[in-house]
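# Understanding the architecture of this molecule
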Amino acid sequence: MSGHLAVVGLGPGDARYLTPEADGALAAAEALYGYGSYLDRVPVRAGQRRHGSDNREERARAIAALRDAAAGTRVAVVSGGDPGVFAMAAAVCEEIEAGPDSWRALDIAIVPGITAMLAVAARIGAPLGHDFCALSLSDNLKPWGLVEQRIDAAASAGFVMALYNPISRARPWQFGAAIERLRRRLPGTTPVVFGHAVGRPDEHVSVTTLAAADTADADMATLIIVGSRETRVVQRSGRAPLVYTPRAVAEVSA
Ligand code: SAH
């Protein structure tokens, strides 16, 4: 079996954030698979096939890519950010587990990328400097009740939260419901960071509080970081504030 499949993280946007390893995997591929707007970020190379598909077709894309690799092609499946964070690497693993034995014999490489929460955090300071968790607010693949349970658990455990997939046309109210829930469990002064399209030309990062957070500031390209009780905002004259979570916690705050 000569087939090879790489699941490649493109980072948050700009080519500066593409690792040399990811760049090499893209250059070596004979066929590229991915969501159309992610594929558009990959430079066109002669002789390379490109298979763009819709955002929601992750399963079909994984199957098509695995079939192509099993036929002997060198395949790269692309994801924004890191492919292992709410993205294609898990979709590919799911299909390998469920699929024919020949897919288990393939040479599989997961090539990491800078995930959105790290890109947003780096823009504003060090909000993830102490314990944190990442949650997807999408209820496409899990019930909303579970999202609520996890938000409650994360707030009571004192985790800083990185919230992916806050909103979409098909999920218009979920982010508002999450913020309402957080307001009942955390102080209104808790710092909240909205990072929109970080690493792209329309990047915008803003800092607010849980009490003042406006859900209209989030869209599909926004990652939100909700601080913990320890997270601090350092105001600086003439410069954006620094948001950070100190490395040490003195005592359990409940
Ligand atoms: N694999 C991706 C995440 C896919 S889920 C990663 O590791 O970053 C899609 C969600 O990621 C979006 O709804 C948004 O919350 C976040 N996201 C992706 N790219 C982003 C960017 N450049 N700036 C801010 N948030 C981003």
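Refer to the preceding data block for the structure.
Quick look at the structure, then. Everything numeric here is computed off the predicted structure, so don't read it as measured data.

## Observations regarding the sheet that holds strand β9 (residues 191-196)
The five strands are arranged β7-β8-β11-β9-β10 in an open sheet whose pairing can be described as mixed. In this open sheet, the two strands that pair with only one neighbour each are β7 (132-136) and β10 (204-209). Here the average twist between neighbouring strands, direction ignored, is 20°. Relative to β10, β9 runs antiparallel, the two being bridged by six bridges. The residue of β10 that forms the bridge with Gly195 is Val205.

## What about the packing of helix α7 (residues 144-157) against helix α8 (residues 174-185)?
In the contact formed by α7 and α8, the axes pass within 10 Å of each other and the chain directions differ by 30°. Of the two possible hands of crossing, α7 and α8 adopt the one that is right-handed. Across from Trp144, Glu148, Ile151, Asp152 and Ala155 in α7, the residues of α8 making contact are Gln174, Ala177, Ala178, Arg181, Leu182 and Arg185. Looking at the contact of α7 with α8 residue by residue, the classes come out as six nonpolar, one polar and four charged.

Cut-offs applied
Residues numbered from 1 in each chain as written. Predicted model: local features only at pLDDT ≥ 70, side-chain atom pairs only at ≥ 80, totals over all residues. Heavy atoms only, no water. Pairing = 2+ DSSP bridges. Helix = DSSP H or I, 4+ residues; strand = E, 2+ residues; numbered from the N terminus. Axes fitted to C-alpha atoms, helices over the stretch in contact; angles between N-to-C directions. Left-handed = near helix turned anticlockwise from the far one by under 90°. Contact = heavy atoms within 4.5 Å. Nonpolar A, V, L, I, M, F, W, Y, C, P; charged D, E, K, R; others polar.

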